[in-house]
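Examination of the molecular architecture
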Amino acid sequence: MEKAEKSVKKRFYLALFLTIYFIVGIPLLVVGATRLSQGGGYVFMLVLGIIGAVVGFYGMPVAWVMYGNARTELALVSAVRNEHLYTVQELSARLASNEKQTSANLDNCIRKGYLTGYLRKGDRLYLNEKRIESIAEGVRKIISLPDPIGIIESGEIRPNGLR
């Protein structure tokens, strides 16, 4: 899930940067164009304004769509990890999207490594062998711990006599 969260952050910052670059690019373009005859740094302002306006105009919508897709993938990963939803039907109902789109998003999440430890068979997710072995190892470690029942590690007697 950490990988998906990082992807959402990166895409948000990219979209925000392109939005700001677009907003700043327009005044730079206007000021640079109106004072072009004065020379100096106005040519540079004009060039930066053109680049900002063009890159922002075309890149900003794409970046915000990429951010939205990353948020959808994060919601899917969260539904699998935290809410234990393992079928495409359950995930579609949770995410309020159609099953075909959810299935494609699920494949993307597995391919990108957001859902490690899972295999997809048909419309269902299963734990892979490595994940099952990891869980079994954790259970073995817990079993090997000493039984804490009846052991008092610390304590004190309160002024009213309670322990």
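Everything numeric in this text was worked out from a predicted model, so none of it was measured.

Notes on the packing of helix H2 (residues 42-81) against helix H4 (residues 99-112)
Where H2 contacts H4, the axes come no closer than 10 Å and their chain directions differ by 85°. Regarding the angle of H2 to H4, the classification is roughly perpendicular. Contacts between H2 and H4 involve Thr 72, Glu 73, Leu 76 and Val 77 from the former and Thr 102, Asn 105, Leu 106, Asn 108, Cys 109 and Lys 112 from the latter. Along the lines of polarity and charge, the residues of the contact of H2 with H4 split into four nonpolar, four polar and two charged.

With respect to the side chain of Arg 11
Within the secondary structure, Arg 11 sits in helix H1 (residues 2-34). This buried residue, Arg 11, is left without a salt bridge; Glu 73 holds the nearest opposite charge, at 4.6 Å. Contact partners of Arg 11, with chain neighbours within four places excluded, come to Ala 63, Met 66, Tyr 67, Ala 70 and Lys 112.

A closer look at H1
In this model, H1 (33 residues) spans 48 Å end to end at C-alpha, consistent with the 48 Å of a helix rising 1.5 Å per residue. Within H1, burial applies to Ala 4, Ser 7, Val 8, Arg 11, Ala 15, Leu 18, Thr 19, Phe 22, Gly 25 and Gly 32. Next to the buried residues of H1 lie H2 and H4.

Points about the environment of Thr 102
Looking at where Thr 102 falls in the secondary structure, it is placed in helix H4. With a relative accessible area of 0%, Thr 102 lands in the buried category. As for Thr 102 and Leu 91, which are separated by 11 residues in sequence, their C-alpha atoms are 7.0 Å apart.

Focus on the pattern of salt bridges
Under the definition given, this model contains eight salt bridges. Note that Glu 83 and Arg 94 form a salt bridge whose closest N and O atoms lie 2.9 Å from each other. Taken as a pair, Glu 83 in the loop between H2 and helix H3 (88-95) and Arg 94 in helix H3 lie far apart in primary sequence, 11 residues in all. For Glu 83, a relative accessible area of 34% puts it in the partly exposed group. A residue is classified by how much of its surface remains accessible, and Arg 94, at 41% relative accessible area, is partly exposed. The residue Arg 120 makes a salt bridge to Asp 107 at a minimum N-O spacing of 2.5 Å. One end of the pair, Arg 120, is in strand S1 (residues 118-121); the other, Asp 107, is in helix H4, and 13 residues separate them in sequence.

Cut-off values and rules
Residues numbered from 1 in each chain as written. Predicted model: local features only at pLDDT ≥ 70, side-chain atom pairs only at ≥ 80, totals over all residues. Heavy atoms only, no water. Axes fitted to C-alpha atoms, helices over the stretch in contact; angles between N-to-C directions. Helix = DSSP H or I, 4+ residues; strand = E, 2+ residues; numbered from the N terminus. Parallel < 35°, antiparallel > 145°, perpendicular 65-115°, else oblique. Contact = heavy atoms within 4.5 Å. Nonpolar A, V, L, I, M, F, W, Y, C, P; charged D, E, K, R; others polar. Buried < 20%, exposed > 50% of the residue type's maximum accessible area, 1.4 Å probe, protein only. Lys, Arg positive; Asp, Glu negative; His and termini not counted. Salt bridge = Lys/Arg side-chain N within 4 Å of Asp/Glu carboxyl O. Expected span 1.5 Å × (residues − 1).

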